[in-house]
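Each chain is listed here by its residues.
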Amino acid sequence: MANAASGMAVNDDCKLKFLELKAKRTYRFIIFKIDEKQKQVTVDKLGEPTLGYEDFAASLPADECRYAIYDFDFVTEENCQKSKIFFIAWSPDTSRVRSKMLYASSKDRFKRELDGIQVELQATDPTEMGLDVIRSRAN
């Protein structure tokens, strides 16, 4: 498995859905998972534009790693409506060690496929990616 980092393909659907989120705002969030049998990153869940951050956080499995994109809308101190695209590497402490290593070694290559990410977060429990953390990183 020494070559696992470079051997992980990215399903075209991942890039397509990301472009739809970025350009058309078709989704509020996208959750991706690594399919170990197919050796590729695939789309796991899509969040409708009407869903909020709590819905997104609840969509992440408690004991499995995932990559996630969240389109965060906020209002600046100057009262301007803005949005930032977050990339979250979700790696809970309770997930398998092999899974954590696989996600960690594939993350940079996967991120390069998604052009337009503005903020990156690494989270091992929900408090590390809470709404307060998102707000502070957005400004």
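Parameters and conventions
All residue numbers refer to positions counted from 1 along the written sequence of the respective chain. The predicted nature of this model means local features are confined to residues of pLDDT at least 70 and side-chain atom pairs, given and counted, to a pLDDT of 80 or more, with totals for whole chains, interfaces and linings taken over all residues. Working from all heavy atoms in the structure, the side-chain values ignore hydrogens and water. In this description a helix means any DSSP run of H or I spanning at least four residues, a strand means any run of E spanning at least two, and both kinds are numbered starting from the N terminus. In this setup the radius of gyration rests on C-alpha atoms only. A globule is expected at 2.2 Å times the number of residues raised to 0.38. Only protein chains enter the calculation, and the probe is 1.4 Å; a residue is then buried if its accessible area is under 20% of its type maximum, exposed if over 50%, and partly exposed in between. A contact between two residues is defined here by any heavy atoms of the two lying within 4.5 Å. Here, Shrake-Rupley sampling with a 1.4 Å probe gives the accessible areas, and only protein chains in the shown set may cover a residue. When charges are counted, Lys and Arg are positive and Asp and Glu negative, with His and the chain ends excluded. Note that the charge is assigned to NZ on lysines, CZ on arginines, CG on aspartates and CD on glutamates. Should DSSP find at least two bridges between two strands, the strands are taken to pair. Note on handedness: a crossover is taken as right-handed if, strands pointing away from the viewer, the path from the first strand over the helix to the second is clockwise. Points on a 1 Å grid over protein atoms alone make up a cavity when a 1.4 Å probe fits among them but cannot get out, and a pocket when they form an open set with protein on both sides within 12 Å along at least five of seven lines; lining residues each have an atom within 4 Å of a point. Grid points are joined across faces, edges and corners, and a volume is the space filled by probe spheres set on the points. Polar here means any residue outside two lists: the nonpolar Ala, Val, Leu, Ile, Met, Phe, Trp, Tyr, Cys and Pro, and the charged Asp, Glu, Lys and Arg; Gly therefore counts as polar. Just to be clear on terms, a salt bridge is a Lys or Arg side-chain nitrogen sitting within 4 Å of an Asp or Glu carboxyl oxygen.

A.B. asks: Would you mind going over the overall build of the protein chain in detail, with residue names and values included?
C.D. replies: Of the regular secondary structure elements, the protein chain holds five helices and six strands. Traced from its N-terminal end to its C-terminal end, the protein chain shows the element sequence α-β-α-β-β-α-β-β-α-β-α. Over its C-alpha atoms the protein chain spans a radius of gyration of 15 Å, differing by no more than 12% from the 14 Å that the globule rule assigns to 139 residues. If you line up the protein chain on its principal axes, its C-alpha atoms span 50 × 30 × 20 Å. Burial analysis of the protein chain (139 residues in total) assigns 41% to the buried set. The contacts of the protein chain with a sequence gap of at least 6 include a subset with a gap of at least 24, amounting to 63%. For the protein chain, the accessible surface area stands at approximately 7600 Å², while carbon and sulfur atoms represent 49% of it. Taken as two groups, the 22 positive and 23 negative side-chain charges of the protein chain have centres that lie 5 Å from each other.

A.B. asks: Which residues make up the pairing of strand 5 (residues 81-90), and what are the values?
C.D. replies: Pairing of strand 4 (residues 66-75) with strand 5, which is carried by ten bridges, proceeds in the antiparallel orientation. When the bridges of strand 5 are listed, I69 appears paired with F87. In this structure, the hairpin formed by strand 4 and strand 5 is closed by a connection of five residues, where N79 is found at a positive phi of approximately 65°. Pairing between strand 5 and strand 6 (residues 119-123): five bridges, direction parallel. What sits directly across from F87, in strand 6, is E120. Following the chain from strand 5 across helix 4 (residues 97-113) to the adjacent parallel strand 6, one finds a crossover that is right-handed.

A.B. asks: Describe the layout of surface pockets, naming the residues involved and giving the relevant values.
C.D. replies: The calculated volume of the largest pocket comes to roughly 180 Å³. Surrounding the largest pocket, 13 residues form its lining, I34, E36, E64, R66 and R96 being those nearest its centre. When residues of the lining of the largest pocket are traced back to their parent elements, those giving at least two are strand 2 (29-35) and helix 4. When its residues are assigned to classes, the lining of the largest pocket shows four nonpolar, two polar and seven charged.

A.B. asks: Can you break down the pattern of salt bridges residue by residue, with the values?
C.D. replies: Tallied over the full model, the rule gives twelve salt bridges. A salt bridge links E120 to K107; its shortest N-O distance comes to 2.7 Å. Of this pair, E120 sits in strand 6 while K107 sits in helix 4, placing them 13 residues apart in sequence. Judged by its relative accessible area of 14%, K107 falls in the buried class. Through salt bridges with shared partners, a single network forms among R25, R28, D71 and D73.

A.B. asks: Please give an account of the sheet that holds strand 5 that cites residues and values.
C.D. replies: Reading across the sheet, the six strands line up as 1-3-2-4-5-6 and stay open at both edges, with mixed pairing between neighbours. Of all the strands in the sheet, the pair left with one neighbour each is strand 1 (9-10) and strand 6.

A.B. asks: Describe unusual backbone geometry, with residues and values.
C.D. replies: Positive phi values are uncommon outside glycine, yet R25 reaches one of about 55°. Within the secondary structure layout, R25 lies in the loop between helix 2 (12-24) and strand 2. Taking the relative accessible area as the measure of exposure, R25 reaches 37% and is therefore partly exposed. The phi dihedral of N79 is positive, around 65°, even though this residue is not glycine. By relative accessible area, which is 65% here, N79 ends up exposed.

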